[in-house]
Amino acid sequence: MNEVFNAQNINFLMQGLTLTLKIALATCVISILFGTFLAITKNYGDKLSRFLASVYIDIFRNTPLLLWMLAACFVLPVFFGQFPQAFWGTIGFSLYTSSVMAEIIRGGLNSIPKGQFEAAYSQGFGKFFTLFYIILPQAFRRVVPSMLSQIITTIKDTAYLAGLGIAELTYKSKTILANLRSFEEILAIIGFVAGIYFVICFSLSMLVRYYAKKTAYAH
């Protein structure tokens, strides 16, 4: 068993974990920003922009994530040039996750009483300042648990990138597994990688529970 968990294999897996976390972080940042734009557009845009935002969200939410990763990796390079697979995988991942984030954020926006808009307008705030200084901060506070839950899902879903040859954690573990013959060693590697995902995702889920309880007590 010591031969499996040698320095070379551990370092190999940690390189994969680093890429996994980088992709997950980039995806979450892009998705929150673009998802916020989509949510605002769908709620407060003109008729055409609301329609386009709705179409985007419905298409991406009702089609497989892996399909968009494949599209990003094999279609976008034709139009925008060659970049590393990890870059295009992140773009496909972000396009999909943005649609999910948009609906989460839109739920927060819809929970804010319309009277707050009227109160802000009466104080001389325009629509832009009302949204970004009064409405959005409240909406984000209300959807933090849902957003954190989606971030957990995003970290787990990075495993799909292994199917595109992107050397994240699951792909690295698959490479090691291909060279193993002992059933015990195979189980050990699978258990080790599962443990890494579990520690990260469970820690975040505990954060979600803590925040939810803290918010409940505050009210």
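Only a predicted model underlies this, so the values are computations on that prediction, with no experimental measurement involved. (Residues numbered from 1 in each chain as written. Predicted model: local features only at pLDDT ≥ 70, side-chain atom pairs only at ≥ 80, totals over all residues. Heavy atoms only, no water.)

Novice: Before we go on, may I ask you to explain the overall build of the protein chain in this structure?
Specialist: Looking only at helices and strands, the protein chain has 9 helices and 0 strands in total. Ordered by position in the sequence, the α and β elements of the protein chain form the string α-α-α-α-α-α-α-α-α. Structurally, the protein chain occupies a C-alpha span of about 70 × 50 × 25 Å along its principal axes. Relative to its 219 residues, the protein chain shows a buried fraction of 39%. In the protein chain, once contacts between residues fewer than 6 apart in sequence are set aside, the share between residues at least 24 apart is 75%. When the accessible surface of the protein chain is totalled, it reaches about 12,300 Å², and 67% of it is carbon and sulfur. (Helix = DSSP H or I, 4+ residues; strand = E, 2+ residues; numbered from the N terminus. Buried < 20%, exposed > 50% of the residue type's maximum accessible area, 1.4 Å probe, protein only. Contact = heavy atoms within 4.5 Å. Areas by Shrake-Rupley, 256 points an atom, 1.4 Å probe, with all protein chains shown as cover.)

Novice: How should the packing of aromatic side chains be read in this particular structure?
Specialist: Aromatic ring pairs are described here by two measures, namely the spacing of the ring centres and the angle between the planes. Considering all chains together, one arrives at 15 aromatic pairs under this definition. Their ring planes at 65° and their centres at 5.4 Å tell us that Phe5 and Phe192 sit as a pair that is edge-to-face. Here Phe5, found in the segment before helix H1 (7-44), pairs with Phe192, found in helix H9 (residues 183-218); they are 187 residues apart in sequence, far enough to count as distant. By relative accessible area, which is 28% here, Phe192 ends up partly exposed. Centroid distance Phe129 to Tyr133: 5.6 Å. Interplanar angle 15°. Geometry classified as stacked. Remark: Tyr133 and Phe129 occur in helix H7 (residues 127-157); sequence separation between them is 4 residues, near one turn of the helix. An aromatic cluster of at least three residues, connected via ring pairs, comprises Phe34, Phe37, Tyr56, Phe60 and Trp68. (Phe/Tyr/Trp six-rings, centres within 6.5 Å; stacked < 30°, edge-to-face > 60°.)

Novice: Would you take a moment to explain the nonpolar core for this structure?
Specialist: For soluble globular proteins, the rule of thumb is that nonpolar side chains tend to be buried together. Counting residues in each nonpolar core, the largest one holds 29 residues, and the members touching the most others are Leu38, Met69, Ile104, Ile151, Leu161 and Leu164. The set of elements that each furnish at least two residues to this core consists of H1, helix H2 (47-61), helix H3 (65-74), helix H5 (85-110), H7 and H9. Examining the composition of this core, we find that 7 residues originate from one element, H5, more than from any other. Met69 has contacts with Gly89, Gly92, Phe93, Asp157, Tyr160, Leu161 and Leu164, leaving out every residue within four places of it along the chain. (Core = buried A, V, L, I, M, F, W, Y, C linked by side-chain atoms within 4.5 Å.)

Novice: When you look at the packing of H1 against helix H8 (residues 169-177) in this model, what are you seeing that I'm missing?
Specialist: Angle between the axes and distance between the axes are the two parameters that describe a pair of packed helices. The interhelical angle for the contact between H1 and H8, taken along N-to-C directions, is 155°, at an axis separation of 7 Å. Between H1 and H8, the angle is such that the two are roughly antiparallel. Residue-level inspection shows Asn9, Phe12, Leu13, Gln15, Gly16, Leu17 and Thr20 of H1 in contact with H8, the latter providing Leu169, Lys172, Ser173, Thr175 and Ile176. Class assignment for the residues of the contact of H1 with H8 results in 5 nonpolar, 6 polar and 1 charged. (Axes fitted to C-alpha atoms, helices over the stretch in contact; angles between N-to-C directions. Parallel < 35°, antiparallel > 145°, perpendicular 65-115°, else oblique. Nonpolar A, V, L, I, M, F, W, Y, C, P; charged D, E, K, R; others polar.)

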